[in-house]
Amino acid sequence: MTRRFSLRVTLPDGQVRSHQWSEPGLRVGRAPGNDLVVPDPRISARHAYFQVRGSAVEVVDTGSSNGTLVNGQPIGANSPRTLRAGDVLRMGDTTFQLTTAPSQPDRPGPSARPGVKQAEQPEAAPVRNLALQAHFGGRMDELAIGKAEITIGRAADNDVILEDPRASSHHARLSFRAGRWAVMDLGSLNGTQLNGDPIPNRQPVPFRPGESITIGAHAFAVRVTSPDAPAPPPLTDQVRLSPEGPAGLVVYADGRQTRHVLERFPVTVGRSSDSDIVVASPTVSGHHARIQYADGALWIVDLESRNGLVFEGRRIARKALHDGDVVHLARSVAVEFREHIGFRPVQKRPSLPPAQTLRLTTDTTTVGRAGDNDMVLDHPQVSRHHALVERLGMRTRLRDLRSSNGIFVNGERIETEAWVNQGDEIRIGPYRLQVGENSLACMSDEGLRIDAFRLQKWVTPKLNLLQDISLSIHPQEFVALVGLSGAGKSTLMDAMNGFRPATHGVVLVNDVDLY
């Protein structure tokens, strides 16, 4: 029987197509006469071909100009690379995902009935042999999975922090147990989809390698890695992901990777500690290269380094960078330019000591701005008598005393009262309170971070004063709003401070929704 395979093709403009093919192979390129003609100017006329060899599917790059990447790693020209279901290939600005493989025949899955528990599960695979794939805006990035559970959402305590207003604070959880993988929606506002179908709230739903899990603007999938298609080097325990960028540089050095957002130019790369991007490798010169804007393009320039810059096997003095370009600084050191950096590492900051700690020695404790409270928080965003903490036996209850700005527990605003446990975080105005064992600690903060996502301010059906504005202001960062009279400065400022909220969009203050 002739075996059939499927490719999920995402074009540069974001269009997604499915292409079916059968053995013995499939030719891919820009020119007519290929089995799959792709309208992408960065794909060569005859770029690559897929072939079936025994029980395996292979891809071969036929010496294309811009190369072929498998799961983010470039492959050599005319060297067959074995593929598995869920592997993602990049040719030019187009991505391809093998969704059907000969070793995994078609069978019914949870996409037809999301709540069915008897769906067949993947064979047991160690967590270290898994990679999380994220698809966004026609691009794909991968993250090595290093734990048995991954939480995804907008709040800062998730493993994958989504900078997406359509994602809830704690949106979904992926779990990987021996022989059982499951995705659970954690009661999100906009829901989670598996293969395009909504899944029920707070119920684990099985899924398999390569199946699509959609959260907001992102589609995730999990693949089982192999020696031929390993997982990328690990990043930090927590990562951020935004559907809108930013651009950045990925540095691969001695089996590790670091990621750097490109915000200001020029940027120097080298071994010296005064470089903007430090690469601690003896084969890299002290000041090896510079990233700069010139002639309307972004360039990488060799700073007369010892080992130079090598692109596609040729030594270069300078090169205009395009999305996906990989330039070698040495045999084991390479930098990749990405217009969208994908997963960004989150560096943990050391915890600051509490500014004040209150022992809960009585049954009731009051918190507020007035001087007669047990814990005084002197700030205009705090009401005179803001909150009441009650000890009821072994339990602790928090009550909102009809405050103006409310109370947030673990990122969620409470209605009138909530039970709290040791380790919970309470936010009152700009203050962060940590619940301890018979204590309440007001933690020190380095400042406020404000994130605005896609703000709009419609004042009439035809007049929008804020047209899809997004920006981030980091703690202790000075930002000026400058413009002519009537440009919308006050409208934007009032939308970001909550005085006159925007009609559309989200404003987060230290990851707490201001609206």
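Here we summarise the structure given alongside this text.

Cut-offs used in this document
- Residues numbered from 1 in each chain as written.
- Predicted model: local features only at pLDDT ≥ 70, side-chain atom pairs only at ≥ 80, totals over all residues.
- Heavy atoms only, no water.
- 1 Å grid on protein atoms, 1.4 Å probe; cavity = no way out; pocket = protein on both sides within 12 Å on 5 of 7 lines; lining within 4 Å.
- Points joined across faces, edges and corners; volume = space filled by probe spheres on them.
- Helix = DSSP H or I, 4+ residues; strand = E, 2+ residues; numbered from the N terminus.
- Nonpolar A, V, L, I, M, F, W, Y, C, P; charged D, E, K, R; others polar.
- Pairing = 2+ DSSP bridges.
- Buried < 20%, exposed > 50% of the residue type's maximum accessible area, 1.4 Å probe, protein only.
- Phe/Tyr/Trp six-rings, centres within 6.5 Å; stacked < 30°, edge-to-face > 60°.

1. Section: empty space enclosed by the protein
This model, assessed by the stated rule, comprises three cavities of 30 Å³ or more. Taken as a whole, the largest cavity holds about 260 Å³ of empty space. Around the largest cavity, the lining is made up of 22 residues, and of these Gly72, Met140, Asp141, Glu336 and Arg338 lie nearest the centre. Looking at the lining of the largest cavity element by element, the count peaks at four residues for strand β13 (residues 139–144). Residue composition of the lining of the largest cavity, by class: seven nonpolar, seven polar and eight charged.

2. Some details on the pairing of β13
The sheet contact formed by strand β12 (residues 130–136) and β13 spans six bridges and is antiparallel. Its bridge partner being in β13, Leu132 is matched across the sheet by Leu143. Linkage of β12 to β13, two consecutive antiparallel strands, is achieved through a turn of two residues, within which Gly137 is found at a positive phi near 55 degrees.

3. Concerning helix α1 (residues 489–497)
Of all the residues in α1, the buried ones are Thr491, Leu492, Asp494, Ala495 and Met496. Of the residues one or two after α1, Gly498 is the one with positive phi, at around 85 degrees.

4. Brief notes about the packing of aromatic side chains
Within a pair of aromatic rings, the relevant descriptors are the distance that separates the centres and the angle that separates the planes. A full pass over the atoms with the stated rule returns four aromatic pairs. Aromatic side chains Phe176 and Trp181 sit 5.8 Å apart centroid to centroid with 80 degrees between the ring planes, which places their arrangement in the edge-to-face category. Note on accessibility: Phe176 and Trp181 belong to one class, buried. Consider the rings of Phe176 and Phe207, whose centres lie 6.4 Å apart with planes at 75 degrees: the pair is edge-to-face. Pair noted here: Phe176 is in strand β16 (residues 172–177) and Phe207 is in the loop between β20 (205–206) and β21 (213–215), with a separation of 31 residues, a long-range link. Summarising the burial analysis for this pair, Phe176 and Phe207 share the class buried. Cluster of aromatic residues (ring-pair linked, three or more members): Phe176, Trp181 and Phe207.

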